[in-house]
Amino acid sequence: MWTLLALCCNRLKQKQKQKQKQNHPQRSEEVMENQTIENANAADDNKIVNQDMVNSSSSLGTNIIVNHDFCGGLHSWHPNCCEGYVVSADSGHPQANSGGNYAVVTNRKECWQGLEQDITGRVSPGSTYLVSASVGVSGPLVGCVDVLATLKMECQGSETKYSLVGRSSVSNGKWEKLEGKFSLSTMPDKVVFYLEGPSPGIDLLIQSVVISCSNPKGRRHGNASDGDEDIVLNPKFEDGLTNWTGRGCKVVLHNSMGDGKIVPQSGKVFAAATERTQSWNGIQQDITGRVQRKLAYEATAVVRIFGNNVTSSDVRATLWVQSPNGREQYIGISNVQATDKDWAQLKGKFLLNGSPSKVVVYLEGPPAGTDILVNSFVVKHAQKVPPSSPPDIENPAFGVNIIENSNLSNGTNGWFPLGNCTLSVGTGSPHILPPMARDSLGAHEPLSGRFILVTKRTQTWMGPAQMIGDKLKLFLTYQVSAWVRIGAGATGPQNVNVALGVDNQWVNGGQAEVGDNRWHEIGGSFRIEKQPSKVMVYIQGPASGVDLMVAGLQIFPVDRQARFRYLKRQTEKIRKRDVVLKFSGLDWSSAYGSFVKIKQSQNSFPFGTCISRTNIDNEDFVDFFVKNFNWSVFGNELKWYWTEPQKGNFNYKDADEMVDLCKSHNIDMRGHCIYWEVVDTVQQWIRSLSQNDLATAVQSRVTDLLTRYKGKFRHYDVNNEMLHGSFYQDKLGKDIRANMFKMANQLDPSALLFVNDYHVEDGCDTRSAPEKYIEQILDFQLQGAPVGGIGIQGHIDSPVGPIVCSALDKLGILGLPIWFTELDVSSSNECVRADDLEVMLREAFANPSVEGIVLWGFWELFMSRENSHLVNAEGDINEAGKRYLELKQEWLSHAHGHIDEQGQFTFRGFHGTYSIEIATISKKVLKTFVVDKGDDSPFEVSIAL
């Protein structure tokens with residue numbers, strides 16, 4: 001009976017077509033394609049089901065299902081017009097004795113409703129895939145019911161097709177194995193695998209799903225998930241130039257060049273892209289059909305250059321992608337500085353978000369007339385990097401200064417002059433620690449009042465130095481602190497820098513601009529992540545002939561956990577509010593003592609991220625984005641060089657589509673940016689305009705943009721990075737910057753207008769020190785510019801809380817909202833990266849002047865900096881991503897208790913949206929309410945029962 005009912009459900013789907021049209025494309029039995037499907041039911045004992053699946057998959061190809069055993073919750077899985085959740089072995093669920101997590105698909109109104117996963121980027125035509133799933137059911141069921149595995153295939157311009165992969169007869173309380181297989185004759189635009197079948201009201205249980213390619217070793221070119229297969233044909237030119245062509249130039253084969261001085265690094269031959277007349281000319285190969293969307297690939301090439309008297313040049317690997325609608329995209333894979341002396345290896349990764357109609361990989365870069373030589377070019381599926389382990393740091397000695405003789409009690413012992421300068425000891429420097437160090441170290445003994453006096457300086461880099469390599473520990477974050485001063489003879493303010501020479505590489509430990517006869521604080525930070533052979537710290541910067549004074553240099557490891565405890569207390573004060581719920585509608589005897597359960601669903605504090613147009617073609621990216629962020633900013637698509645790359649050639653299509661996505665998910669948007677002051681970011685056609693034509697173009701730009709999107713962007717960065725560039729000011733005069741704000745405000749008065757700049761918060765750039773930013777903003781306000789907010793980009797390394805907090809507190813005196821607008825942190829160890837991210841998020845969230853945080857992306861290969869992502873390229877959430885989600889959960893409030901004798905319930909909670917469940921004697925009531933930011937007074941909510 002139950003088997004017949006499950007089969008009949010398929011025939012009923014067509015009748016539901018109009019009702020469910022927007023949620024689930026229906027199909028009839030006639031559209032089902034079963035000719036390539038084999039059903040293989042199994043009646044194995046449930047105790048060995050999972051072991052069989054593991055054994056079978058290990059002897060075949062890689063499992064293409066992401067999160068196959070639900071250890072990551074429902075990540076990458078999507079309930080189809082129903083609800084789902086994951087339970088564990090100790091949950092008490094009827095089948096929780098299975099020994100692991102499993103998914104429960106519930107609230108099913110139709111038999112076709114179940115759990116699905118998009119596998120488009122992980123399958124390819126001509127391959128056979130074996131399916132094995134451990135499934136069960138739960139609910140009011142007598143006998144057995146069929147669980148079906150189904151494949152949904154969508155092709156643009158044609159009807160969606162469905163293929164039955166396999167089925168298994170399942171009874172209540174027992175796990176069964178569902179098996180089947182499928183192959184694709186052609187590649188659809190979208191392929192979705194899902195499990196369905198039980199009648200409405202019956203919960204579908206899924207313990208694990210494995211889909212493996214049955215012939216991974218037999219195919220030379222196919223599904224890239226097989227790992228070792230080379231996507232590029234003839235990668236070492238063993239078949240001559242077969243499959244290779246020139247991109248705007250000629251390609252030839254050599255066994256040697258340069259009178260025999262250039263020979264292959266490996267093999268017998270190499271290729272040369274010659275007669276190049278443009279920098280983009282090079283050697284290329286069409287790899288269409290051999291790369292799949294949502295898979296990460298690694299490209300490796302061995303290259304060098306030859307000719308035209310060029311000895312060194314950048315060689316780049318680039319991907320040209322064309323989508324079915326004709327949209328073109330260029331993806332930079334990697335670059336290397338190649339020479340004419342030896343072969344160099346170029347290595348990088350890429351990922352396709354959408355389904356391309358054509359993909360070409362090529363090499364480019366050197367100036368015209370210079371040949372690109374290629375010994376090999378390999379593209380393979382990138383192997384997943386194992387998760388990082390937390391660094392094992394023995395005795396970190398937090399707060400202990402590693403500088404020898406810092407107080408100069410032994411003269412200059414331990415110090416040496418860098419260069420031909422002279423060191424001596426003077427007295428009269430401050431006896432107290434600089435403020436930022438004091439915030440980290442707390443109570444501390446007074447400084448000695450002695451300082452190093454550096455005289456006879458003939459170069460800017462000359463100053464006091466000390467070797468510290470044997471005292472540093474890898475992956476520890478060190479704070480730098482010192483008092484500095486300069487002597488007479490300077491012609492203006494001087495930049496003083498605490499620097500580190502790490503194996504001859506310069507590392508910035510902090511900078512300060514010193515321009516008067518006072519002591520100035522330097523505060524900075526650094527971290528070493530690779531074992532160096534030597535590390536030297538030195539203080540440098542003033543012009544030659546200017547004396548330098550340094551007192552109380554401190555370099556010490558930072559105790560981040562101690563700082564976090566302080567920040568949690570601060571957060572409780574500024575981000576929470578006392579809430580009084582007042583209940584009405586019942587008499588006192590019915591309401592008194594009723595149980596109240598309160599759960600916060602969303603914190604109202606803005607957490608946003610950068611997205612790009614190509615990202616929104618990846619449904620896994622979109623899923624993480626809409627679930628975990630409530631604000632967004634576009635990486636490039638709103639910038640002038642993107643919307644008008646050539647004069648009169650406009651491109652708003654990308655931004656329009658991104659606006660539509662954000663609006664459909666109620667995600668607010670920042671407009672980045674109307675103008676960009678740094679000359680290197682300005683299009684060539686704009687740079688070449690006369691002053692009058694440039695003024696006209698500037699007016700047209702703001703008018704076009706803000707008229708088109710009036711009321712849609714809550715913020716605009718008006719003129720990006722004005723502390724680091726001056727193109728428009730140099731061309732149009734000082735007033736142009738204030739006028740840009742005025743024009744924008746007239747066109748869209750609803751938008752908050754921001755300044756936006758970098759290195760404001762980290763102490764490592766005197767151009768954008770908080771004092772400079774404050775001076776700039778005050779100057780704009782004096783000119784009548786309606787500056788509405790302060791943007792701190794937040795591209796930061798090894799952040800230290802008190803340094804960040806100091807900058808925020810200084811800027812806070814202006815009374816304007818502060819936003820971190822482009823926050824990212826970077827570390828090769830994802831656990832350290834998570835710690836860095838936590839530092840920044842906690843500092844921002846605990847500071848009353850900060851009103852929003854926007855990350856500069858979260859998905860690997862779509863970040864501006866390496867080792868800064870939260871989610872790996874193929875969708876795995878790394879430790880940094882987990883930390884972000886944990887903090888988001890920490891900043892949600894929950895409470896429970898009973899209504900008191902006044903008919904009230906009080907609690908303290910974060911600002912945001914709440915749901916409340918009240919269980920009275922006669923009924924259960926569900927309500928929602930919002931706690932506004934407001935002042936320090938209790939927030940009262942009236943709730944009618």
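Check the entry above for the structure.
These figures come from a predicted structure and were not determined experimentally.

Re the overall build of the protein
Alright, step 1. In terms of helices and strands, the protein carries 16 helices and 47 strands.
Alright, step 2. For 945 residues, the compact-globule estimate of 2.2 N^0.38 gives 30 Å, and the C-alpha radius of gyration of the protein, at 32 Å, lies within 12% of that figure.
Alright, step 3. Projected onto its principal axes, the C-alpha coordinates of the protein cover approximately 100 × 95 × 65 Å.
Alright, step 4. Per-residue burial over the protein gives 56% buried out of 945 residues.
Alright, step 5. Residue pairs at least 24 apart in sequence account for 77% of intrachain contacts in the protein once pairs closer than 6 positions are excluded.
Alright, step 6. Carbon and sulfur atoms make up 48% of the accessible area of the protein, which totals about 39,500 Å².
Alright, step 7. For the protein, the distance from the average position of its 93 positive side-chain charges to the average position of its 104 negative side-chain charges is 1 Å.

Considerations on the packing of aromatic side chains
Alright, step 1. Evaluation of the coordinates by the stated rule reveals 41 aromatic pairs.
Alright, step 2. Between the aromatic rings of Phe 624 and Phe 629, the centroid separation amounts to 6.3 Å while the plane-to-plane angle is 55°, which identifies the pairing as tilted. We note that Phe 624, like Phe 629, is buried.
Alright, step 3. Aromatic ring contacts, followed pair by pair, group Phe 605, Phe 607, Phe 621, Phe 624, Phe 625, Phe 629, Phe 845, Phe 858, Trp 859, Tyr 884, Trp 891 and Phe 910 into a single cluster.

Points about the side chain of Glu 196
Alright, step 1. In this structure, Glu 196 sits in strand β10 (residues 190-196).
Alright, step 2. Residue class for Glu 196 comes out buried when judged on its relative accessible area of 1%.

Let's talk about the sheet that holds strand β32 (residues 576-584)
Alright, step 1. Pairing is mixed across the open sheet formed by three strands, whose spatial order is β44-β32-β47. Each edge of the open sheet is held by one strand with a lone partner, namely β44 (904-910) and β47 (939-944). Going from strand to strand, the sheet's axes swing by 25° on average, the running direction of each strand aside.
Alright, step 2. Bridge analysis of β32 against β44 gives seven bridges, and the strand direction is antiparallel. By the bridge assignment for β44, Leu 581 is matched with Phe 905.
Alright, step 3. Across the sheet, helix α4 (residues 560-574) is in contact with β32 and β44; its angle to β32 comes to roughly 45°.

Here's the deal with the nonpolar core
Alright, step 1. Leu 581, Phe 583, Ile 598, Phe 634, Tyr 716, Tyr 728 and Phe 929 are the most contacted members of the largest nonpolar core, which totals 106 residues.
Alright, step 2. Apart from the residues lying within four places of it in its own chain, the contact partners of Phe 583 are Val 596, Ile 899, Gly 903, Gln 904, Phe 905, Ile 916, Ile 918, Ile 943 and Leu 945.
Alright, step 3. In this structure, Tyr 297, Ile 305, Val 310 and Leu 352 belong to the second largest nonpolar core, which totals 37 residues.

Some points on the environment of Thr 821
Alright, step 1. Considering the arrangement of structural elements, one finds Thr 821 in strand β41 (residues 818-825).
Alright, step 2. Residue Thr 821 is classed as buried on the basis of its relative accessible area, which comes to 1%.
Alright, step 3. For the pair formed by Thr 821 and Cys 610, sequence separation is 211 residues and the distance between their alpha carbons is 9.0 Å.
Alright, step 4. The contacts of Thr 821, once residues within four sequence positions are left out, are Val 633, Arg 670, Asn 756, Gly 791, Ile 792, Gln 793, Val 854 and Trp 856.

Observations concerning the pattern of salt bridges
Opposite charge on two side chains allows them to pair when their charged atoms are near.
Alright, step 1. Applying the stated criterion across every chain yields a total of 44 salt bridges.
Alright, step 2. A salt bridge links Glu 179 to Lys 177, with the nearest nitrogen and oxygen atoms 3.3 Å apart.
Alright, step 3. Ionic pairing is found between Lys 810 and Glu 771, a salt bridge with its closest N-O pair at 3.0 Å. Residue Lys 810 is found in helix α14 (residues 801-812), and its partner Glu 771 is found in helix α13 (residues 770-782); the two are separated by 39 residues along the sequence.
Alright, step 4. Via salt bridges that share partners, Arg 327, Arg 613, Asp 617, Lys 653, Asp 654 and Glu 657 belong to a single interconnected network.

Some points on the environment of Ala 301
Alright, step 1. Counting through the fold element by element, Ala 301 comes out in strand β16 (residues 296-306).
Alright, step 2. The spatial distance from the C-alpha of Ala 301 to the C-alpha of Glu 901 is 76 Å, given a sequence separation of 600 residues.
Alright, step 3. Residues contacting Ala 301, with those up to four places away along its chain left out, are Ala 344, Gln 345, Leu 346, Ser 376 and Phe 377.

Conventions used here
Within each chain, residue numbers correspond to sequence positions counted from 1 in written order. Since the coordinates come from a predicted model, pLDDT governs what is reported: local features require at least 70, and pairs of side-chain atoms require 80 or more to be given and counted, while whole-chain, interface and lining totals use all residues. With hydrogens and water stripped out, all remaining heavy atoms of the structure feed into the side-chain values. In this description a helix means any DSSP run of H or I spanning at least four residues, a strand means any run of E spanning at least two, and both kinds are numbered starting from the N terminus. Put simply, the radius of gyration uses C-alpha atoms, and a globule should come to 2.2 Å times the residue count raised to 0.38. Any residue under 20% of the maximum accessible area for its type is buried, any over 50% is exposed, and the rest in between are partly exposed; the area is computed with a 1.4 Å probe on protein chains only. Throughout, a residue-residue contact means that at least one pair of heavy atoms, one from each residue, lies within 4.5 Å. For accessible areas, the Shrake-Rupley method is used with a probe of radius 1.4 Å. Any residue's cover is judged against the shown protein chains and nothing else. Here the positive residues are Lys and Arg and the negative ones are Asp and Glu; neither His nor the chain ends is included. Where a charge sits is defined by one atom per residue type, namely NZ (Lys), CZ (Arg), CG (Asp) or CD (Glu). Paired rings are identified among Phe, Tyr and Trp, the last through its six-membered ring, by centres lying within 6.5 Å, and are further divided according to the angle between planes into stacked (under 30 degrees), edge-to-face (over 60) and tilted (the rest). A pair of strands is treated as paired once DSSP finds two or more bridges between them. Note on geometry: axes are C-alpha line fits, over the in-contact stretch for helices, and angles between N-to-C directions span 0 to 180 degrees. Throughout, nonpolar core names a set of buried Ala, Val, Leu, Ile, Met, Phe, Trp, Tyr and Cys residues whose side chains join them through atoms within 4.5 Å. The salt bridge definition used is simple: a Lys or Arg side-chain nitrogen within 4 Å of an Asp or Glu carboxyl oxygen.

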